[in-house]
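A look at the structure
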Amino acid sequence: MVSLRPLAALPVVGVAADGRTYRRLLYLLIAVPLWFVYTGFVTFALAFGIVFSVVLVGVGVLIAAVVASRIAAGLERWLANRLLGTDLVAADDLPAAADGGSSGAVATVRAYLSAPSTWRGLGFVSLKFWVTVLAFAPLAVLSRSLALVAAPARYPYAPQFGEVNGEPAVWAIDTAPEAALAAGVGVVGLLVGLHLTNLIAGGARLMAVALLGESDESDDGDDADRVTVARDGVDGDQAPDGDSDADREAESDASARAGADGFEFDADPADPDADPDDRD
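Remember, predicted model here, so these are calculated numbers, not experimental data.

Conventions adopted
- Residues numbered from 1 in each chain as written.
- Predicted model: local features only at pLDDT ≥ 70, side-chain atom pairs only at ≥ 80, totals over all residues.
- Heavy atoms only, no water.
- Helix = DSSP H or I, 4+ residues; strand = E, 2+ residues; numbered from the N terminus.
- Contact = heavy atoms within 4.5 Å.
- Core = buried A, V, L, I, M, F, W, Y, C linked by side-chain atoms within 4.5 Å.
- Buried < 20%, exposed > 50% of the residue type's maximum accessible area, 1.4 Å probe, protein only.
- Salt bridge = Lys/Arg side-chain N within 4 Å of Asp/Glu carboxyl O.
- Lys, Arg positive; Asp, Glu negative; His and termini not counted.
- Axes fitted to C-alpha atoms, helices over the stretch in contact; angles between N-to-C directions.
- Parallel < 35°, antiparallel > 145°, perpendicular 65-115°, else oblique.
- Nonpolar A, V, L, I, M, F, W, Y, C, P; charged D, E, K, R; others polar.
- pLDDT = per-residue confidence, 0-100.

This next bit is on the side chain of Thr118. Residue placement: Thr118 occurs in helix H4 (residues 116-149). The residues contacting Thr118, other than those within four sequence positions of it, are Val66, Ser69, Arg70 and Tyr112.

Below is the structure:
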């Protein structure tokens with residue numbers, strides 16, 4: 001029976017049949033409007049707070065921006081889990097805050113500011129700017145390539161590819177062979193754009209795992225405890241196969257006859273005055 005290889009497992013071209021590629025592409029598409037939100041709120045609030053930190057209002061804006069970065073980090077964690085295939089959970093590193101009154105609010109803000117996850121989330125939001133900048137490359141390649149793939153259905157067509165020496169670089173597609181060639185170039189461009197998408201989204205995934213996920217703390221003593229429990233279970237509670245109650249009683253009697261120096265002696269020694277024949 002012939003087994004067909006999955007299309008997504010094919011080299012180079014399999015990326016076009018892999019559903020994960022399009023989820024990563026959606027992640028990069030969403031990153032563009034989020035970049036404007038982060039730039040317009042978090043970055044501006046941080047800059048405004050630093051400039052006016054000499055007065056109380058600046059300190060308040062700065063604290064609000066840092067706390068708001070936790071909300072942004074939660075959104076980014078959700079997007080990474082949904083679109084990048086991660087399984088991240090929020091770090092449980094907030095100290096207990098006091099309840100009630102203004103002191104409770106101050107303690108809550110202090111807990112947010114002292115939590116390492118707050119600053120890791122702020123670092124991710126700041127680095128997300130560079131992910132968005134890099135995301136424009138595959139998005140531009142894919143948009144140009146899709147237009148070329150559709151050239152056989154829309155020629156005569158004259159796509160423009162930037163400028164050369166101040167003059168627009170235009171490819172005039174007027175005939176069917178030129179349209180077919182443009183479609184082939186477009187297919188290659190689509191594959192390149194999809195591979196770039198996976199590459200950039202993969203970098204964003206590594207960032208999310210490093211900065212947005214709860215760190216795994218391994219217990220170094222688990223293995224030793226399991227070995228100790230297993231050893232104690234065999235030596236103390238479990239008797240080896242083949243040992244009977246009579247054997248254990250014999251060993252107990254032998255231990256009772258052991259002297260203080262570790263040598264065994266006869267509990268009922270023979271009478272030295274007795275006849276040698278009677279000792280046998």
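Before going further, it helps to spend a moment on the nonpolar core. In summary, soluble globular proteins display a tendency toward joint burial of nonpolar side chains. Core analysis: the biggest nonpolar cluster contains 21 residues, and Tyr27, Leu28, Leu84, Phe124, Val131, Ala208 and Leu212 have the highest contact counts within it. Taken together, the elements giving at least two residues each to this core come down to helix H1 (19-51), helix H2 (56-83), H4 and helix H5 (176-211). Not counting chain neighbours up to four residues away, the residues in contact with Val131 comprise Leu28, Ile200, Ala204 and Met207.

Okay, the pattern of salt bridges next. The full count for this structure, using the stated rule, is 2 salt bridges. The shortest N-O distance in the salt bridge between Arg20 and Asp18 comes to 2.9 Å. Using a relative accessible area of 14% as the deciding quantity, one classes Asp18 as buried.

With that settled, the discussion passes to the side chain of Arg77. You can see Arg77 is positioned in helix H2. There is no salt bridge for the buried Arg77, and the closest opposite charge comes from Asp93, which lies 8.3 Å off by N-O distance. Every residue in contact with Arg77, bar those within four places of it in the chain, is listed here: Leu88, Val89, Ala90 and Leu212.

Running from amino to carboxyl end, H4 crosses H5 at an angle of 170 degrees, the nearest separation of the two axes being 7 Å. Considering the angle they form, H4 stands roughly antiparallel to H5. Class assignment of the residues belonging to the contact of H4 with H5 gives a composition of 24 nonpolar, 7 polar and 2 charged.

We now examine the packing of H2 against H4. The interhelical angle for the contact between H2 and H4, taken along N-to-C directions, is 70 degrees, at an axis separation of 8 Å. As judged from the angle between their axes, H2 and H4 are roughly perpendicular. In contact with Val66, Ser69, Arg70, Ala72, Ala73 and Glu76 of H2, H4 contributes Ser117, Thr118, Trp119, Gly121, Leu122, Phe124, Val125 and Lys128. Within the contact of H2 with H4, the residues separate by chemical class into 7 nonpolar, 4 polar and 3 charged.

What follows is about the environment of Ala140. Inspection of the secondary structure puts Ala140 in helix H4. As a C-alpha pair, Ala140 and Gly193 span 53 residues in sequence and 8.3 Å in three-dimensional space.

What follows concerns the confidence of the model for the protein chain. Overall, the predicted model of the protein chain reaches an average pLDDT of 76, with 71% of residues at or above 70. Least confident of the elements in the protein chain is helix H6 (residues 222-237), whose mean pLDDT is 41; most confident is H5, at 94. Ignoring residues within four places in sequence, the model shows residues 215-244, a span with pLDDT below 50, making 5 contacts including any to other chains. In the predicted structure, residues 256-269 sits below a pLDDT of 50 and forms 7 contacts with residues beyond four places in sequence or in another chain.

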